Amino acid sequence: MFFLLFFLSVTEVCDRPLVSSLPPSSFRSSSQLSTSHAPGFAKLNRRDGAGGWSPIISDRYQWLEVDLGERTKITAVATQGRYGSSDWLTSYLLMFSDTGHNWRQYRQEDSIGSFPGNSNADSVVHYKLQQPAIARFIRLIPLDWNPNGRIGLRLETYGCPYTSDVVSFDGGSSGLLYWLTSGLKRTSRDVVTLKFKALRNSGTLLQAEGQEGLSLSLELERGKLLLLLRKGRTSSTEPQRLVSLGSLLDDQHWHHVAVERRGSHLNLTVDKHTERYLFFCHTSSFSPLCMFPSQGNVTFSCAEPVSVAVTFTGPESFLQLPGTTMSSSGGVSIGFQFRTWNKKGLLLSFELPQQGGVAWLYLSEARLQLQIHKSGASLNDGQWHSVELNSRQGRLTITVDKEERDSSQASPSFPVTVENGSQKCRNLFSVFQGCMRLFTVDNQNLDLIKVQEKQLGNYSNLQIDICGIIDRCSPSPCEHGGPCSQSWTVFHCNCSDSGYSGATCHSSVYEQSCEAYKHNGNTSGHFYIDVDGSGPIKPQLVYCNMTEENTWMVIQHNNTELTRLRPFTGVNQYSIHFDYSSEEEQLLAVIKQSEHCEQELSYHCKMSRLLNTPEGSPLSWWFGGPGAGRVQTYWGGAQPGSQQCACGLQGDCVDLQHYCNCDADRMEWTEDSGLLTHKESLPVRSLVLGDIQRPGSEAVYRVGPLQCHGDRNFWNAAFFDKETSYLHFPTFHGELSADISFLFKTMASSGVFLENLGIKDFIRIELSSSTQVVFSFDVGNGPLEVRVESSFPLNDNRWHRVRAERNVKEASLRLDELPVATQEAPADGHFHLQLNSQLFIGGTASRQKGFRGCIRSLQLNGVTLDLEERAKITPGVQPGCPGHCSSYGSLCQNHGRCVERANGFHCDCNLSAYTGVFCQTEVSASFKSGTSVSYTFKEPYEMSRNSSALPSSIYSDMTLRGENVSLSFRTNQSPALLLYVSSYYREYLAVLINKHGEENTSNLFISFFQIDQNAREDFNLTSDGEFNAIKSLVLGRVHESDDLDADLSRLASLGFTGCLSVVHFNTISPLKEALLRPNSSPVIITGPLAQSNCGSAASANSYSAENTHHLSDQSGSVGSGVPLVNSIRIDSALIGGTKLLYLCIFFTGLYL
């Protein structure tokens, strides 16, 4: 059954007093202390009687009710204590009703239910309702009162008359039709508004039928309002759900509905919430026919049935009703309806007189259970469910939702629990929180108003004549598609598959760019990127190519390979469309936030012209930019609008009369290739190639992936050099949900990062001490603080990350990677955060407690504030903030050197044997027996740490008193020479594997001079063991071995077969130079040498100890080392087990 209401809105001041002129008969109350304390004396500023209303007992079960005589628009309420007394309210609830039953609690901002009261007996507290209420009856329920007095009240309400027409449908077979005037001019905007209240949770409210079999309908389904589109005139056609909005709309209260069409958009509004749908059907598809509910007998009045509900609010709530008398059939029957969000709770218990026991009916996991037997399904969906129990001749019959199609019935046998002792209500199960109504015992309705008036039964902590159920998931507080579930008191968001985290799935779990992933220490790979953080754009999977110079974000499309075209008979043009792995808004956001973007566009041609001439119409073109893209008539490497290729810009085309190589129209293959770098023209959406139809024409095209580097947001920073300096921005709007993130570095021990004030509300994040960050705010119910304490100082001039979030459920604060600190929202709900001042960054409005240091990458609700642009025009604040190596320098590994950049840093790997973005990638090569890599040193070998005055002769007295050699290898060869260093003095240093014993060989991974996980060994050479005037270093086969002894010479001529990796000799990496810079380094390569990842297995063991061996010129003990004998001629050290690493240093004896 539906009631529809059509109202007339008259513009007038709606604030006249409504209560002061009413007779005493318009007032009712739960009780009165005496006749002079009667409710009729509760009029504002009156002194009649005892000066106001007071009940006989001051508790939360008391109420005062006013009948305004007719439905009225109520805009404000005012309260006052009882005159000349200590009796006044400090807080209260406000209820409204059209019938004097089925009360509805007025809530501020959907959640806060209580109103602030008085602080004395005479002052008036006036409260303007944020949304006017339409009702005839008002009921005020005291919550708290003066602890030194009792409940005392005088009140007034303000508003104006409310006029409306009403139509009622009882669910029969007729309806109300309305035809629009034929020839009515169509407009770009159509609006239908109405109010309705429903007694059932399903039915059709409104339907518009149009041409071509299309129809739009508003339908109520399980308490939710659906906007449906049907194609076809048969009722069996499955409708398309356009919008779903609202919940619990069958609560017998009026709900406002508006359907609005603006161009191609349809807006559905239910009460205060609106959903939008983009409607692609042509506006003329609907003929001017509207039909209000197609079922029901129509009356133009609103005779409403009265059903009194009770609300079980918590653990102390119960309702005790009188027992039944035995019927003639020797049994008992009980019926009621309930609704709840909880999965479990005790509904009912009653005695079984014949069996001498007690039956318990309860919910468990949203199933109805009687003892251990289950019946029903999904009973915690917030809908009304009817339950009937009948006990006849020792058997119980339970019926759930008897009038529904999916009703359940069970007749279980069960063991009876015999109760002894008190008749007081006991609960052995979980507490039920929800609503019940329509109680029947032996088919007789129970009057709950008598229960309320203490004439029948007993109760505790109940709200009678009201169903206080709230759908906390409508509209859903869960963002980014996170499913919402709820109990009676709280909601829960399941963020597991959303890509977001937090109580409302608000904060992204992914970084916003490849640049951010790099600074977390990640190397190249696939990553999810969320370009707007907590904003509406979904995460996208991209490839991050981390190079030493730039960090590239690579977005693929459906055809990045070279594609060959042959002549198409009868086809003048060939069109190719490119579909990207990212959605439109993701692409545009990536391009916008990147410093540079590019895309390769190449065309290989044979008798296939491209653009022809700048003066004529182009033969081929492409579309690029937002949406479907705009026509572009230039090619890769040229400028927009030039109708040229790269060779035309450079003046080196194969035919200087043309501006593209392909336009020369030659029989030989040629190409026009280059990069498109104009961001407004990216990405490439499609190609149109026009000269492919002639005999002999052939072409190959390629459109590369979109590649972007640089993150404008990540490095956007400002430096605050004074406590009084700050930046200001427009007011921050984060009424119900707000997230703030930024990085800071400072040497100060305290300071305010951010502050925004309102009249009473505020939000602030500050460094309260050198080890603590505080997030504080006030949304009208008192200040709330969330603190994170660090075990290390935060004023260390290193970057630290702060992430703060406030939503309807909790506030949270995270500092770096420390555990998240949270603070739950107040139990009575939440207020909107109402701010009105400017947003201050780096300081406060009072110019006190300002922040000194750098703030970077500041984002509010996913939007980056441009600190640098504002800093350029603000005294005391400088744009940018150098000095990133103090924070990120540790990412550079293996002797890589951190180099500062204006926006970030990079790792210089020139002094490292490794390469890669963090000098983390091993440089390895596979050696054959004939492979030789010879590195020639300068003449003389310059080593600044060993000499301050370099001699002019290569046979000078320059000596190297220490060598640092490291390498990794894998081989099955034994013995084998790994490294050989010679000098101009015919001295040499050799690292070799020496055969020892007959054990089988195995793969080894070493760094000189400790092998794998073996303990480090130190050796001392004699004091005059010096290595002079180094000439060359050889890896693999040694071709000049005349100066070696016979055994070593034979070994050197065999070469090395296996893998060498990360070879490092003092500051030189000979293998890296040979593989990566063979043309610019003093390296001679003979034999086969191929770069390989053969050394990667060694690098995979990231927990290996550093393996080094040092040769020292200091005599005596170093560690546990013992001087070696015969060190004048040859110094050597043996390290290892079954396979020994052998160091051999030969001196000529010139220094004897």
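Since this is a predicted model, take the numbers as computed values, not measurements. (Residues numbered from 1 in each chain as written. Predicted model: local features only at pLDDT ≥ 70, side-chain atom pairs only at ≥ 80, totals over all residues. Heavy atoms only, no water.)

**Student:** Run through the environment of Asp-778, naming residues and quoting values.
**Tutor:** Examined against the element boundaries, Asp-778 turns out to sit in strand E57 (residues 772-778). Apart from the residues lying within four places of it in its own chain, the contact partners of Asp-778 are Lys-760, Asp-761, Phe-762, Pro-783 and Leu-833. (Helix = DSSP H or I, 4+ residues; strand = E, 2+ residues; numbered from the N terminus. Contact = heavy atoms within 4.5 Å.)

**Student:** How would you sum up the state of the cysteines? Please name residues and give values.
**Tutor:** Taken as a whole and assessed by the stated rule, the structure comprises 15 disulfides. A disulfide bridge connects Cys-473 with Cys-484, and the sulfur atoms are separated by 1.9 Å. Around the S-S axis, the bridge from Cys-473 to Cys-484 shows a dihedral of about -70° and counts as left-handed. Taken together, the residues span a long stretch of sequence, with Cys-473 in the loop between strand E35 (462-464) and strand E36 (484-486) and Cys-484 in strand E36 at a distance of eleven residues. Disulfide pairing places Cys-885 opposite Cys-898 at an S-S distance of 2.0 Å. (Disulfide = S-S within 2.5 Å.)

**Student:** With reference to specific residues and values, describe the environment of Gly-525.
**Tutor:** Within the fold, Gly-525 resides in strand E40 (residues 525-529). Considering only alpha carbons, one finds Gly-525 and Cys-544, 19 residues apart in sequence, at a separation of 5.5 Å. Among residues more than four places away in sequence, those in contact with Gly-525 are Val-542, Tyr-543 and Cys-544.

**Student:** Account for the packing of aromatic side chains, with residues named and values stated.
**Tutor:** For the structure on display, the rule yields 28 aromatic pairs. Considering the side-chain rings of Trp-622 and Tyr-634, the 5.4 Å spacing of their centres and the 65° angle between planes classify their relative orientation as edge-to-face. Taken together, the positions of Trp-622 in strand E46 (residues 621-624) and Tyr-634 in the loop between strand E47 (630-632) and helix H4 (646-650) put the pair twelve residues apart, joining distant regions of the chain. When the centroid spacing of 5.9 Å and the interplanar angle of 40° are considered together, the rings of Tyr-980 and Tyr-988 count as tilted. Neither residue differs from the other here; Tyr-980 and Tyr-988 are each classed as buried. (Phe/Tyr/Trp six-rings, centres within 6.5 Å; stacked < 30°, edge-to-face > 60°. Buried < 20%, exposed > 50% of the residue type's maximum accessible area, 1.4 Å probe, protein only.)

**Student:** Report on a nonpolar patch on the surface, specifying residues and quantitative values.
**Tutor:** Residues Leu-33, Ile-56 and Ile-57 make up a contiguous nonpolar surface patch of roughly 260 Å² in combined accessible area. Locating Leu-33 in the fold gives a position in the loop between strand E3 (27-29) and strand E4 (64-80). (Patch = residues over 30% accessible without salt bridge, like charges linked within 9 Å, V, L, I, M, F, W, Y side chains within 5 Å. Areas by Shrake-Rupley, 256 points an atom, 1.4 Å probe, with all protein chains shown as cover. Salt bridge = Lys/Arg side-chain N within 4 Å of Asp/Glu carboxyl O.)

**Student:** Which residues make up the sheet that holds E46, and what values do they have?
**Tutor:** Ordered by their spatial adjacency, four strands build an open sheet running E44-E49-E46-E47, and the pairing between neighbours is antiparallel. The outermost strands of the open sheet, each flanked by one partner alone, are strand E44 (574-577) and E47. Each strand of the sheet is rotated relative to its neighbour by a mean of 20°, with strand direction disregarded. The pairing of E46 with strand E49 (residues 684-689) spans four bridges and is classified as antiparallel. The residue bridging Trp-622 from the neighbouring strand is Leu-687, located in E49. (Pairing = 2+ DSSP bridges. Axes fitted to C-alpha atoms, helices over the stretch in contact; angles between N-to-C directions.)

**Student:** Before we move on, can you summarise helix H3 (residues 584-593) with the specific residues and values?
**Tutor:** Gln-586, Leu-587, Ala-589, Val-590, Ile-591 and Gln-593 are the residues of H3 that are buried. On its buried face, H3 sits against strand E41 (540-546), strand E42 (551-555), strand E45 (594-606), E49 and strand E51 (706-711).

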